[in-house]
Structures are given as structure tokens and as C-alpha cells.
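Architecture and fold: a report
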Amino acid sequence: MSNKEKYNQAFMETLEVSENELAGLTYTGIPAWDSVGHMALMAAVEDAFDIMMETDDIIDFSSYEKGMEILSKKYDVEF
Amino acid sequence: MKSYDELLAMEPYSLNKKEKTKVMTDRLVELTRHHLGNCEQYKRMMNSVGLDEKALAEFDGEEKTYYDLPFLPVRLFKELKLCSVPDDEVFKTMTSSGTTGQSVSRIFLDRATATNQQKTMVKIVSEFTGSGRMPMLIIDCPSVVKNRAMFSARGAGILGFSMFGSKKCYALTDDMELDVESVREFLDAHKGEKILLFGFTFMIWQHFYKELVRLKKEGITFDLSNGVLIHGGGWKKLVNEAVSQEEFKQRLTDVCGLSDVHDYYGMVEQTGCIYMQCEHGHLHASVFSDVIIRDPKDFSVAPHGQAGIIQVVSMIPESYPGHSLLTEDEGVILGEDDCPCGRMGKYFKINGRLKNAEIRGCSDTYAADFKQRG
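Given the structure is predicted, the values throughout are model-derived calculations rather than measurements.

Turning our eyes to something else, we now look at the pairing of strand β4 (residues 134–139) of chain B. The side chains of a regular strand alternate between the sheet's two faces. Residues and elements named next belong to chain B. Along β4, five of the six residues are buried, which leaves the element largely enclosed by surrounding structure. Judged from the four bridges that link them, β4 and strand β5 (residues 165–170) form a sheet pairing that is parallel. Looking at the pairing, methionine 136 lines up with lysine 168 of β5. Two elements, β4 and strand β6 (residues 195–200), share four bridges in a ladder whose sense is parallel. Across the sheet, residue leucine 137 finds its bridge partner in β6, namely leucine 197.

This is how it looks when you write it as C-alpha cells:
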């Protein structure tokens, strides 16, 4: 599975969204991505890439796109 | 307005009284001006006590400081919708803990304020736990964060601290029974690692400590000597059970080796600016907020060592006018810039709720309901 696929899967499984809804998705943009959903999503992303993010990055992880930016810049996950 | 990000770069306990007064006054005057311009109800209240743009200009000199700014009674957030951003920018509404039948505060957050709350809390708590995230044992039941529509302060507290957890485990079942198997499994999986424990004081005492004592008699023990416990939410119920802070700590050490224990004081109306207890048992104000003790007779500033009503000020609130609030708690300043732990700023203790004030605090409201249910 490519990194993009893993990343998408984490979103789709924790937030129960389909792939075509992912682009432009933001924190609190849908009911499932609230603060509870966020912690579940962070856990799924960390599991998918076997990383542990810093607290500030968890706070800044505010959208589907922003998450990719954080992962590629700070955790060497290439998309 | 100066961006909060600049302020956030400060170390949490780095400023002495003089430095802090300057930074705090600048920020709180800016916030007051911001809310005057963006919250009509706040403006009307401030105008009625003689505070307007012109009066605010007097704060530019050295003479007037944040001690001279007005405060709102915290109870007002139950009665009024106080919001300084348009409705469509409100992205989360926080509610205070309240026992069944009590009215609750409503705090309106936009993205910026919510983010700043989280970042501030991370800065403050990291001073005590270290910056890395660690396995986290939550002394509560999983259902407390599941009711998403009505998000309680208890759930919010748990989620706020979840930021520090890597792997998480809830120690209690939804029936508030200790989940011995899960806890055992969790501790085995993280042997030798530093573990963060978080919960509300009464829940820890009632459903965790007492159960550990019972299990110990049966020969079942847990080793939590690698743990750091952060707990909060009120002492009232335990004061009734005649358990002092010292005893709470000592008994936890005795039963499971847990010795790194920190109480905290905080409220939903100023989320983010929590007051952590240091290793000398003192609650500390960080550079991002402060406590001022007011004499109940005339609301003048009480000298250090004299008990009075606690006023809290916070640099964070932009989306609601909650930067200066009079609480319903009584406390006393123990000292400033000279705690033996080395942290700058005020250190203080809470005496309890004011008489006739409502029961609040996540731990206390749970305890009150617990008692009602028998």
C-alpha cells in the first residue's frame, strides 16, 4: 500500500468517510471529525506510519492537506 | 492585536513580577479593547462601570496595570450569551460541569482560541511531564467522551490531556468498576516506561484507590512507581471524607508506588491556563495567566497570605470576553517568585468554594450526583 493509500485509509476508517470526500476535509468540518474523532484519527495515522507525533503537530493537524504537509515535513512520510 | 503565537514562545514560569506585569497588562488591555469592539453586551457592562476607550488609554502609562481592569463574575456565562465573534465562526461551545439540574456556562470558541488553549496547556503541562508523549492510563470510563453532542467539562478535560498520551487505556468500565484485566495488560505492555495517569480527584479516590486497597488485601498489586499522576476537579468531596492532599498522595504511594502526583486548578471558562501543583504542593500561575485574590468586603486586592475570592485573568480568550473573571472559589497567595521549586510567578492554594456558591468542578459534581443516587 502506498503512503497515500495508508493515509486515506486512516481517514476513511476512523471518520467513516469515502475517498472522494477527503480533499478539503477540515477538523470540525464534518461531525465525525470532532475532538474525539481527532484523537482516534491521530492514533490511526501514527499506527499507519509507525510514528509518534509531537503534541504541537497533533494540534496543528487541522485538515486533510495540512496533515500531509506535517507528515512529509517532519516525519519523512513521502506522498 | 499582537498575535498569541508570540506570547506562546515564552517559557511558562520565566517572568518575575515586574516583567509579567508589563506583558500581562499589555495583553489584557488589548483583549479588553477587542471585546469592547466585538461584544455588545460586554461593552454595555464595561461602560456602566466607567470603562470605555478613553479610560483604557490610561493603561498606556506605568500607573495602571491589569489589576485595575474590571472582571466579570463567572456566573454571568450561565445567564448571558457572551461572544465576540460572529455565530458562523463559533466552532465549539464548551459547557461547564454542573450537577443535575444546575444551569451551565456556555463558552464560545473559534478556531484560533481553541487552538491557543490547547497549545498553552501543552506548554504548561510539559514543564511537569517532559515534552514527549507517553502511554496514558485514564482513570475514568470510556463513555465519558462518547456523548459528543453534549460535551461535558469532564470529557473535555480528558480529551485535553489525551494530547499527552500515546497509547491510551481507560481504567474504569462504564459501570465505574476498575477494569483489572485491561489495566494489567496495559501496564505489562509498557513495563519500564514512564506512564501518565489522568483523572478527577474524587473518581481516583473512590473507584481507583479504594479498589487498589481492596485488591491488595487479596494479594493483587500494581506497580505504578513509573507513573506521573495529574488530577483535578475539586477536593470538596474528599474534604468531607477528611482526606487531605498530603494523605491522598501518601496513600497512593503506599498502595501502588505512585509518588509523582500533581493536582491542578482550572476551569472551563479559561481552558488552557491551568494551574499545576509543583513538587512542593503549591499551585503555580504560569506567564499566560494569573490569580488575584480579592477581599470579599470591597473587592480590593488582598495582600499575600490573606484569603479571599479568586479572580483569574488569562491571555487566551479572543472569541469570548472571559479574560478577567471573578470565580466563586476562595484561595490565598502563598508567595511570588520565590517558591523553593524555582518557578517564577505566584503560587497559591485553594481553600474551597465560597459559602452558598454552587457545587462545581468535575470531581465535585460527580460526587454530588453519586451521593444523590446513593
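We now examine the interface of chain B and chain A. Taken together, the contact between chain B and chain A spans 13 residues of the former and ten residues of the latter. Of all the secondary-structure elements, those providing two or more residues to the side of chain B that touches chain A are α6 (111–129) and α7 (153–162) of chain B. Ranked by the residues each element gives to the side of chain B that touches chain A, the list is headed by α6 of chain B, at four residues. When the residues that make up the side of chain B that touches chain A are grouped by side-chain class, the tally is six nonpolar, four polar and three charged.

Moving on: the nonpolar core. Counting 110 residues, the largest nonpolar core has Leu137, Ile138, Ile139, Ala171 and Phe198 of chain B as the members making the most contacts within it. The element contributing the most residues to this core is helix α9 (residues 201–217) of chain B, with seven residues.

Residue and element names in this part refer to chain B. At their nearest, the axes of α9 and helix α11 (residues 245–256) sit 10 Å apart, and the two run at 40 degrees to each other. It follows that α9 is oblique to α11 by the angle criterion. For the element pair α9 and α11, the recorded crossing hand is left-handed. Each of Trp205, Tyr209, Leu212, Val213 and Lys216 in α9 lies in contact with α11, whose residues at this interface are Phe248, Arg251, Leu252, Val255 and Cys256. In the contact of α9 with α11, the residues fall into eight nonpolar, no polar and two charged.

Turning our attention to the packing of helix α1 (residues 3–15) of chain A against helix α2 (residues 35–49) of chain A. All names here are of chain A. Interhelical geometry of α1 versus α2 gives an angle of 150 degrees and a closest axis separation of 9 Å. Of the two elements, α1 crosses α2, and the hand of that crossing is right-handed. Contacts between α1 and α2 pair Lys6, Tyr7, Gln9, Ala10, Phe11, Glu13, Thr14 and Leu15 from the former with Gly37, Ala40, Leu41, Ala44, Val45, Ala48 and Phe49 from the latter. Here the residues of the contact of α1 with α2 are counted per class, giving ten nonpolar, three polar and two charged.

Criteria and thresholds
- Residues numbered from 1 in each chain as written.
- Chains lettered and ligands numbered in written order.
- Predicted model: local features only at pLDDT ≥ 70, side-chain atom pairs only at ≥ 80, totals over all residues.
- Buried ≥ 20, exposed ≤ 12 C-beta atoms within 10 Å, placed from the backbone.
- Helix = DSSP H or I, 4+ residues; strand = E, 2+ residues; numbered from the N terminus.
- Pairing = 2+ DSSP bridges.
- Contact = placed C-beta atoms within 7 Å.
- Nonpolar A, V, L, I, M, F, W, Y, C, P; charged D, E, K, R; others polar.
- Core = buried A, V, L, I, M, F, W, Y, C linked by C-beta atoms within 7 Å.
- Axes fitted to C-alpha atoms, helices over the stretch in contact; angles between N-to-C directions.
- Parallel < 35°, antiparallel > 145°, perpendicular 65-115°, else oblique.
- Left-handed = near helix turned anticlockwise from the far one by under 90°.

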